[in-house]
Amino acid sequence: MRDVVALVGDSAAPFELGVVCQVFGLDRSDDRLPVYDFAVCAPRPGAVETTAGFAIQVDHGLDRMASADLVTIPAWPDLDRSVPSAIVEALRSAVARGAQVLSVCTGAFPLAVAGLLDGRRAATHWQFADRLAERYPEIRVDRDVLYVEDGPILTSAGAAAGIDACLHVVRREHGAATANALARRMVVPAHRSGGQAQFIELPVPAAATGYELSGLIDWMRAHLDRPLTVETLAARALTSPRTFARRFKAATGTTPLRWLLDQRLQRAEELLESTDLPMDAVAARAGFGSADALRHHFTARRGVTPGTHRRTFRSEQN
């Protein structure tokens, strides 16, 4: 993946566009991070208004999409106006020739108009999930995730979830070490477990015990190689297992065991890409206990074996 395009319509959402520009549009070669041929395009090049009251200059028309390996749609501000047929055809052509597509927030709606989400799982901002499902019943709208990838199309939830989706693409294309380095540069988490349901009412509930959940999460991340049970974690949080599990899910959007599995898979990816440790040692350090358990979970969640993942990314580094 070398050529990336951000598609805007008659108006643009500056934050979501900025997310895409941050990940794919900046030259970070000094940090040995990937550099992309990046451009913003619109149906009519020139000044494009934003939802924040200022305009941006867009130099490229839709023909710029013809060479893109990745087409991003950083939100679609006006859901009540029809999507221009030229955009619909350009999106269909991009997918037909093998390009990947990534939408942020309401950027899923132009994809729905083009029929590209029919029969697929898709995400959008929780405020607009019902509207997407009602307008396009052929789409399996997932209201509970930060992003979802189905075939060549990746759709993400509102605003900042676009960062998670973009980093997922970088991780998939260049490996965990590169995605982590980019996340550090952007001062954001390399991977957030859970879904957008946690943000609908109360992002982080207060801990009645006075024990900071963030502190416990940091401790869990530093001790992934240990056999961490809900009972062990609840005791450390000075609460009952049931209360701990409820508070953890309210704060993170996922269960403690699911969160641990995600973190252990990420640790395994890093070790596979950056070391020559035997598979048993990788499994032990990542907290899987055995190479067989590592292979089972890694293959189920990543779609390839740990050995294949290592060969792919170690060969790219060499």
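Above this note sits the structure.
Computed from a predicted structure; not experimentally measured.

A.B. asks: How would you summarise the overall build of the protein if you had to cite specific residues and measurements?
C.D. replies: In terms of regular secondary structure, the protein is built from 13 helices and eleven strands. Taken over the C-alpha trace, the protein has a radius of gyration of 21 Å; the compact-globule value for 318 residues is 20 Å, and the two agree within 12%. Overall size of the protein, expressed as C-alpha extent along the three principal axes, is 60 × 50 × 35 Å. Restricting to contacts in the protein with at least 6 residues of sequence separation, those with at least 24 account for 64%. Carbon and sulfur atoms form 51% of the exposed surface of the protein, whose accessible area is close to 14800 Å². On the protein, the mean spot of the 36 positive side-chain charges and the mean spot of the 37 negative ones are 6 Å from each other.

A.B. asks: For the pattern of salt bridges, give the residues involved together with the corresponding values.
C.D. replies: Taken as a whole and judged by the stated rule, the model has 19 salt bridges. The shortest N-O distance in the salt bridge between arginine 185 and aspartate 31 comes to 2.2 Å. Placement of arginine 185 in helix H6 (residues 176–186) and of aspartate 31 in the loop between helix H1 (14–25) and strand S3 (37–41) is noted, with a sequence separation of 154 residues between them. Since its relative accessible area comes to 47%, arginine 185 is described here as partly exposed. Classification of aspartate 31 as partly exposed rests on a relative accessible area of 40%.

A.B. asks: So, the packing of aromatic side chains: which residues are in play, and what are the values?
C.D. replies: Here the structure, examined in full by the defined rule, presents three aromatic pairs. Ring centres of phenylalanine 244 and phenylalanine 248 lie 5.7 Å apart, and the angle between their planes is 50°; on these two criteria the pair is classed as tilted. Placement of both phenylalanine 244 and phenylalanine 248 in helix H9 (residues 241–252) is noted, with a separation of four residues, approximately one turn of the helix. This pair shows no difference in class: phenylalanine 244 is buried, exactly as phenylalanine 248 is. Three or more aromatic residues link up through ring pairs in this structure, and these residues are Phe244, Phe248 and Trp259.

A.B. asks: Give a detailed account of the packing of helix H11 (residues 279–286) against helix H12 (residues 291–302), specifying residues and quantitative values.
C.D. replies: For the pair H11 and H12, the least separation of the axes is 8 Å and the interaxial angle reads 75°. Taken together, the axes of H11 and H12 are roughly perpendicular relative to one another. The residues of H12 that touch H11, namely those facing Met279, Asp280, Val282 and Ala283, are Ala291, Leu294 and Arg295. Its residues assigned to classes, the contact of H11 with H12 comprises five nonpolar, no polar and two charged.

A.B. asks: Requested: an account of the nonpolar core, with residues and values cited.
C.D. replies: In terms of nonpolar packing, the biggest core is built from 38 residues, with Phe24 and Leu102 touching the most fellow members. For this core, the elements supplying multiple residues, two or more each, are strand S1 (3–7), H1, strand S7 (100–104), helix H5 (161–174) and H6. When residues of this core are assigned to their parent elements, the largest contribution, seven residues, is made by H5. Dropping the residues within four chain positions of it, leucine 102 is found in contact with Leu70, Val71, Thr72, Ile73, Leu154, Ala165, Cys166 and Val169.

Reading the values: rules and limits
Counting of residues starts from 1 at the beginning of each chain's written sequence and follows it residue by residue. The predicted nature of this model means local features are confined to residues of pLDDT at least 70 and side-chain atom pairs, given and counted, to a pLDDT of 80 or more, with totals for whole chains, interfaces and linings taken over all residues. As a rule here, side-chain values come from all non-hydrogen atoms in the structure, and water together with hydrogens is ignored. Counting from the N terminus, the helices are the DSSP runs of H or I reaching at least four residues and the strands are the DSSP runs of E reaching at least two. We compute the radius of gyration from the C-alpha atoms alone; for a globule the expected value is 2.2 Å times N to the 0.38, where N is the number of residues. Residues count as neighbours in contact if any of their non-hydrogen atoms are within 4.5 Å of one another. All accessible areas in this document rest on Shrake-Rupley with a 1.4 Å probe, and a residue is counted as covered only by the protein chains that are shown. Residues scored as positive are Lys and Arg, those scored as negative are Asp and Glu, and His as well as the terminal groups of each chain are ignored. Lysine's charge is taken at NZ, arginine's at CZ, aspartate's at CG and glutamate's at CD. In what follows, salt bridge is the name for a side-chain nitrogen of Lys or Arg lying within 4 Å of a carboxyl oxygen of Asp or Glu. Relative accessibility decides the category of a residue: with a 1.4 Å probe and only protein chains considered, values under 20% of the type maximum give buried, values over 50% give exposed, and everything between is partly exposed. For Phe, Tyr and Trp, rings pair up if their centres lie within 6.5 Å, where Trp contributes its six-membered ring, and each pair is then called stacked (planes under 30 degrees apart), edge-to-face (over 60) or tilted (otherwise). For helices, the axis comes from a line fit to the C-alpha atoms of the stretch in contact; other axes are also lines fit to C-alpha atoms, and the angle between any two N-to-C directions lies between 0 and 180 degrees. Here is the rule for angles: anything less than 35 degrees is roughly parallel, anything more than 145 is roughly antiparallel, 65 through 115 is roughly perpendicular, and the remaining ranges are oblique. Residues are grouped as follows: Ala, Val, Leu, Ile, Met, Phe, Trp, Tyr, Cys and Pro are nonpolar; Asp, Glu, Lys and Arg are charged; every other residue, Gly included, is polar. Here, nonpolar core means buried Ala, Val, Leu, Ile, Met, Phe, Trp, Tyr and Cys residues that are tied together by side-chain atoms lying within 4.5 Å of each other.

By themselves, these observations are geometric and do not establish any function.
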